[in-house]
Protein chains: 2
Amino acid sequence: MAAALPEPADRRQRRRQETIEEILDIALDVMAEHGVAGLSLGEVARRVGIRPPSLYGYFPSKQALYDAVFARGAGAILEAMSTSYPQVRDVQPLTAALLLAARRFTAWCLANPVYSQLLFWRPVPGFTPSDASYSAAVALVDLTRTWFADLRDAGLIRPDADLDLALRDWVVLTAGVISQQMANGPDEDVDTGRFTAALPNLIDMFAHTYGPADRPSPRSRRKGTDRVH
Amino acid sequence: MAAALPEPADRRQRRRQETIEEILDIALDVMAEHGVAGLSLGEVARRVGIRPPSLYGYFPSKQALYDAVFARGAGAILEAMSTSYPQVRDVQPLTAALLLAARRFTAWCLANPVYSQLLFWRPVPGFTPSDASYSAAVALVDLTRTWFADLRDAGLIRPDADLDLALRDWVVLTAGVISQQMANGPDEDVDTGRFTAALPNLIDMFAHTYGPADRPSPRSRRKGTDRVH
DNA sequence: GTCTATATGACGATAGAC
DNA sequence: GTCTATCGTCATATAGAC
């Protein structure tokens, strides 16, 4: 591993990797400005400071560039939630743990709209992620399922609940908040958003269904009682 | 109004309107095949059987064409739900009424993915609907609010519920189902979809929060009890 | 109303010199 | 590895003849 002098081959490979990362950074910028489907190799090359043909030394096609961005985004959100789930492990009651995790997830999605659109919608007509890239996205769902299993083992989710149903309902619920917020208030964040503000209420509903039986029934939030903070 | 003989000006205007409708039909086809952002005027012209410049006799720009499609879609879903809401007016209990309406709405969205994406997401970078077109989309929300008010007057929604909060939660909930279904199972319909199957469960949660106080608490659906039919 | 012709430019991708 | 040069295709939009 440790070499007295860095070998030229290593330096070359490291510099190459740095260039790849720079291309991905800039591709993300371009997509943020021109839309996910509006990625242009010429525009990327111009900002990198090279000519368009040179990009083909790093990515064999535009699709490959999309795929690399997809994989990067999947890895990033996976890492973010891998960190978040253990942090809410001992939070009680269930609603508090769910709200914390949902806010982390929502915050990441709103802060990374390009990744979110590429990962969770289908904005690019011809593009399908490769199996390798898609597996990272699947790992996120698996991670959430494991988290739910932990919650059930900890007694926060009722023991007779179907985890797959709970997971499905959870995914739909968070997807609803995020899609509405991204489409109707893309410049608001998780604290100020009109739709992220629905999270506490929706999570109360969710917890009433999947939480332990001895939970006090919260019923409806009445007029004017909807506060995030 | 009634003329013994149709005036040439009328015939001309009618034919012109028919051409406009045909262009919109074909634009919808092209978007379905190439993605909403992949609309190409040349492709539309080719299918209509005219040359691209001739399109400019009907729409002054590509944006105007998008706007016309947007307005058409908004009008269509508004009409669909204007018909649906009165039909579920006397359905009881609340969950049955909500489920019927949600299934109508979801079915329309899944059957009209191009309209849905254009109306509810932001897939076209430079495009913003005109005020006139957007008002039709707002009218849909207003219509749903009126429906909720009717439900409250009928005693199906608890009298102390905040209708705006209920509306927001309802929109988020249905948006979650639709966005997940469109992104992850675009070829499934409302009856076979993996995410539309979550509607009964989610609606139970919703009804428990906003329904009348004397409703029996349904609690969680247990393992294997999740049936749509 | 539709056409031809054209302006003007972008796009993804490849060949081959250096 | 990066370049120049170029291919071939497509795009939106306008001018002006018929």
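Please refer to the structure placed before this passage.
Draft legend 1. Just the overall build of chain A, in detail. Along chain A, the regular secondary structure elements total 9 helices and 0 strands. Of the regular secondary structure in chain A, the N- to C-terminal order runs α-α-α-α-α-α-α-α-α. Counting only residues that meet the buried cut, chain A has 48% of its 229 residues in that class. In chain A, of all internal contacts separated by at least 6 residues, the share reaching a separation of at least 24 is 66%. A total accessible area of about 11200 Å² is found for chain A, and carbon and sulfur atoms account for 53% of it.

Draft legend 2. Focus on the relation of the copies chain B and chain A. Superposing chain B onto chain A takes a rotation of 180° combined with a translation of 0.0 Å along the rotation axis, leaving an RMSD of 0.1 Å. Each copy turns onto its partner about a two-fold axis. If distances are taken from each C-alpha of chain B to the rotation axis, the shortest is found for Gly176 of chain B, at 1.7 Å.

Draft legend 3. Region of interest: the interface of chain B and chain A. Each side of the interface is counted separately: chain B has 47 residues, and chain A has 46 residues. A buried area of about 4000 Å², summed over both sides, lies between chain B and chain A, and 56% of it is on carbon and sulfur atoms. One can count 0 salt bridges joining chain B with chain A. Our count for the contact surface shared by chain B and chain A stands at 7 residue pairs in polar contact (both at pLDDT 80 or more). Within the residue set of the side of chain B that touches chain A, elements represented by two or more residues are α8 (163-184) and α9 (199-210) of chain B. When residues of the side of chain B that touches chain A are assigned to their parent elements, the largest contribution, 13 residues, is made by α8 of chain B. Its residues assigned to classes, the side of chain B that touches chain A comprises 21 nonpolar, 13 polar and 13 charged.

Draft legend 4. Unusual backbone geometry, seen in detail. Looking along the chain, the bond that leaves Gln92 of chain A and enters Pro93 of chain A is cis, with omega of -5°. Relative to the helices and strands, Pro93 of chain A resides in the loop between α4 (62-87) and α5 (94-111).

Draft legend 5. Fine view of the layout of surface pockets. Considered as a void within the structure, the second largest pocket measures approximately 1000 Å³ in volume. Taken together, 42 residues line the second largest pocket, and the ones lying closest to its centre are Phe120, Val141 and Val171 of chain A together with Gln180 and Asn184 of chain B. At the level of secondary structure, the elements contributing two or more residues to the lining of the second largest pocket comprise α4, α5, α6 (113-120), α7 (131-153) and α8 (163-184) of chain A together with α8 of chain B. Per-element tally for the lining of the second largest pocket: the top contributor is α8 of chain A, with 10 residues.

Draft legend 6. Inspection of the protein's contact with DNA strand C at higher detail. Taken together, 14 residues sit near DNA strand C, with Ser40 and Tyr56 of chain A together with Arg51, Ser54 and Tyr58 of chain B positioned nearest. Here DNA strand C approaches the protein such that, of its atoms within 4 Å, sugar and phosphate make up 79%. Leu41 of chain A is positioned with one of its backbone polar atoms (N or O) 3.0 Å from a phosphate oxygen of DNA strand C. Between DNA strand C and Arg16 of chain B there is a distance of 3.4 Å, counted from a phosphate oxygen to a side-chain nitrogen or oxygen. Going through the elements one at a time, α2 (41-48) of chain A together with α3 (52-55) of chain B are the ones with two or more residues in the surface near DNA strand C.

Draft legend 7. A look at the protein's contact with DNA strand D. Of all residues adjacent to DNA strand D, which total 14 residues, the nearest are Arg51, Ser54 and Tyr58 of chain A together with Ser40 and Tyr56 of chain B. Among the atoms of DNA strand D close to the protein, meaning within 4 Å, 76% are from sugar or phosphate groups. Between DNA strand D and Tyr56 of chain B, the relevant distance is 2.8 Å, taken from a phosphate oxygen to a side-chain nitrogen or oxygen of the residue. Of all the secondary-structure elements, those providing two or more residues to the surface near DNA strand D are α3 (52-55) of chain A together with α2 (41-48) of chain B. Here the residues of the surface near DNA strand D are counted per class, giving 7 nonpolar, 4 polar and 3 charged.

Draft legend 8. Inspection of the packing of aromatic side chains at higher detail. A full pass over the atoms with the stated rule returns 23 aromatic pairs over all chains. Site record: aromatic cluster; members linked through ring pairs are Tyr85, Trp147, Phe148, Trp170, Phe206 and Tyr210 of chain A.

Draft legend 9. The arrangement of the environment of Pro125 of chain B in detail. Within the secondary structure layout, Pro125 of chain B lies in the loop between α6 (113-120) and α7 (131-153). Along the backbone, Pro125 of chain B and Ala37 of chain B are 88 residues apart, and their C-alpha atoms lie at a distance of 7.9 Å. Dropping the residues within four chain positions of it, Pro125 of chain B is found in contact with His34 and Gly35 of chain A.

Draft legend 10. The arrangement of the packing of helix α5 (residues 94-111) of chain B against α9 of chain B in detail. All names here are of chain B. Two elements in contact, α5 and α9, have axes whose closest approach is 10 Å; the angle formed by their N-to-C orientations is 135°. With respect to each other, α5 and α9 are oriented oblique. In terms of crossing hand, the pair formed by α5 and α9 is right-handed. For the pair α5 and α9, contact is made by Leu94, Thr95, Leu98, Leu99, Ala102, Arg103 and Thr106 and by Leu199, Pro200, Ile203, Asp204, Phe206 and Ala207, respectively. Here the residues of the contact of α5 with α9 sort into 9 nonpolar, 2 polar and 2 charged.

Draft legend 11. Representation of the pattern of salt bridges within the structure. All names here are of chain B. A full pass over the atoms with the stated rule returns 26 salt bridges over all chains. The residue Glu33 makes a salt bridge to Arg47 at a minimum N-O spacing of 2.9 Å. Here Glu33, found in helix α1 (residues 8-34), pairs with Arg47, found in helix α2; they are 14 residues apart in sequence, far enough to count as distant. Given a relative accessible area of 53%, Glu33 falls into the exposed group. The partly exposed category is assigned to Arg47, whose relative accessible area is 29%. We note a salt bridge from Arg46 to Glu43, for which the minimum N-O separation is 2.8 Å. With Arg46 and Glu43 both in helix α2 and 3 residues apart, the pair spans about one turn of that helix.

Here is what the cut-offs are and how they apply
- Residues numbered from 1 in each chain as written.
- Chains lettered and ligands numbered in written order.
- Predicted model: local features only at pLDDT ≥ 70, side-chain atom pairs only at ≥ 80, totals over all residues.
- Heavy atoms only, no water.
- Helix = DSSP H or I, 4+ residues; strand = E, 2+ residues; numbered from the N terminus.
- Buried < 20%, exposed > 50% of the residue type's maximum accessible area, 1.4 Å probe, protein only.
- Contact = heavy atoms within 4.5 Å.
- Areas by Shrake-Rupley, 256 points an atom, 1.4 Å probe, with all protein chains shown as cover.
- Least-squares fit on C-alpha atoms with pLDDT ≥ 70 in both.
- Buried area = accessible area lost by both parts, 1.4 Å probe.
- Salt bridge = Lys/Arg side-chain N within 4 Å of Asp/Glu carboxyl O.
- Polar contact = N/O pair within 3.5 Å; in protein donor to acceptor, adjacent residues only side chain to side chain.
- Nonpolar A, V, L, I, M, F, W, Y, C, P; charged D, E, K, R; others polar.
- 1 Å grid on protein atoms, 1.4 Å probe; cavity = no way out; pocket = protein on both sides within 12 Å on 5 of 7 lines; lining within 4 Å.
- Points joined across faces, edges and corners; volume = space filled by probe spheres on them.
- Near = heavy atom within 4 Å.
- Phe/Tyr/Trp six-rings, centres within 6.5 Å; stacked < 30°, edge-to-face > 60°.
- Axes fitted to C-alpha atoms, helices over the stretch in contact; angles between N-to-C directions.
- Parallel < 35°, antiparallel > 145°, perpendicular 65-115°, else oblique.
- Left-handed = near helix turned anticlockwise from the far one by under 90°.

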